[in-house]
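What the coordinates show
Next come the chains, spelled out residue by residue.
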Amino acid sequence: MSHPLLKAAAFILFLSVNIAHASTDPGTYIGFDINSALIGDVSTDNSNGNDLRGNLGVSAASLSLGYRFESNNRVQISTSKMSLEHENGLDSDVSGYDLDWHIVYGEDTVQPYWGFGFGVYSMDDSSGYFVNDNDLQGNAFQVLAGMKFDLNKYLELDLSYRIKTIAWQEMLFYDGTDLVSVHMTHTYSSLNMGAAVKF
């Protein structure tokens, strides 16, 4: 099955083997990336024992500001917008911030790396469901592995596989007889593509 992200990844690989002037000078960069979930899952842990689980679709885009050290490792902060599609037909938008570390190997044009990060997120326009009129808040953790394509001193491309979990704050609701505590978690794996302009 053909996928637009896979076609773009093949194009990136073609570019990487035909451009030989990579740069690993330290400095700042601004990046943009998009991703599409390959596998997604939403689960709830309910105090009344009626736990739920279902499939989740995710598409997202993020803008990042980062710094590349002389070691070629990176630290970056990103702002992201996500669209969550639940199998019951309910969709929701999520926005937040991530702080990530990338451990990069080598100084060739193609550079493998792995990384991890933490984030804070909110479920947009969810305040109407809660008595305190605040949007639902959550904490995120992600791990990632991929390759960077250091094309020249100004441009870098990125292809990665990521696994991300967002654990949302406790929700309370009355089911007619008891007060029920609900903990909801979104977990998904995705293929990410990005580009960065280096300064």
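The structure contained in this document is the topic of the report that follows. On a predicted model such as this, the values are computed, not experimentally measured, just so you know.

**A word on the overall build of the protein**
- When its secondary structure is counted, the protein shows 1 helix and 9 strands.
- For the protein, the N- to C-terminal ordering of α and β elements is α-β-β-β-β-β-β-β-β-β.
- When the 199 residues of the protein are sorted by exposure, 43% land in the buried category.
- Here the analysis covers contacts within the protein between residues at least 6 apart in sequence; of these, 63% occur between residues at least 24 apart.
- In the structure as shown, the protein presents an accessible area of about 10900 Å², 61% of it carried by carbon and sulfur atoms.

**Focus: the nonpolar core**
- If you look at the biggest cluster of nonpolar residues, it comprises 19 residues, and the most contacted ones within it are Val58, Met82, Val94, Tyr121, Trp168 and Met184.
- If you list the elements that add at least two residues to this core, you get strand E1 (27–46), strand E2 (52–68), strand E3 (74–86), strand E5 (110–123), strand E6 (136–150), strand E7 (155–168) and strand E9 (179–198).
- Counting residues per element, this core draws most heavily on E9, at 4 residues.
- Residues Phe149, Leu151, Leu157 and Met193 belong to the second largest nonpolar core, which totals 6 residues.

**Quick look at the side chain of Ser190**
- Along the chain, the position of Ser190 falls in strand E9.
- Within the local environment of Ser190, its side chain forms a polar contact with the side chain of Asn192, the two groups lying 2.8 Å apart.
- Beyond its immediate sequence surroundings of up to four residues, Ser190 is in contact with Asn35, Ser36, Ala37, Leu38, Ser160, Tyr161 and Arg162.

**Considering unusual backbone geometry**
- Even without a glycine there, the phi angle at Asn72 is positive, about 80 degrees.
- Mapped onto the fold, Asn72 is located in the loop between E2 and E3.

**Description of the packing of aromatic side chains**
- One pass over the full model with this rule turns up 6 aromatic pairs.
- Here the aromatic cluster, defined as three or more aromatic residues joined through ring pairs, consists of Trp101, Trp114, Phe116, Phe118 and Phe141.
- Over the ring of Tyr113 we find Lys148, and its NZ or CZ is 4.2 Å from the ring centre.

**Here we look at the pairing of E5**
- Alignment of strand E4 (residues 91–104) against E5, held across 11 bridges, turns out to be antiparallel. Residue pairing in the sheet places Ser95 in a bridge with Ser122 of E5.
- As paired strands, E5 and E6 are joined by 14 bridges and run antiparallel to one another. Its bridge partner lying in E6, Phe118 is registered against Phe141.

The rules behind each value
- Residues numbered from 1 in each chain as written.
- Predicted model: local features only at pLDDT ≥ 70, side-chain atom pairs only at ≥ 80, totals over all residues.
- Heavy atoms only, no water.
- Helix = DSSP H or I, 4+ residues; strand = E, 2+ residues; numbered from the N terminus.
- Buried < 20%, exposed > 50% of the residue type's maximum accessible area, 1.4 Å probe, protein only.
- Contact = heavy atoms within 4.5 Å.
- Areas by Shrake-Rupley, 256 points an atom, 1.4 Å probe, with all protein chains shown as cover.
- Core = buried A, V, L, I, M, F, W, Y, C linked by side-chain atoms within 4.5 Å.
- Polar contact = N/O pair within 3.5 Å; in protein donor to acceptor, adjacent residues only side chain to side chain.
- Phe/Tyr/Trp six-rings, centres within 6.5 Å; stacked < 30°, edge-to-face > 60°.
- Lys NZ or Arg CZ within 6 Å of the ring centre and 35° of its normal.
- Pairing = 2+ DSSP bridges.

Take it as geometry only, folks, not as evidence of what the structure does.
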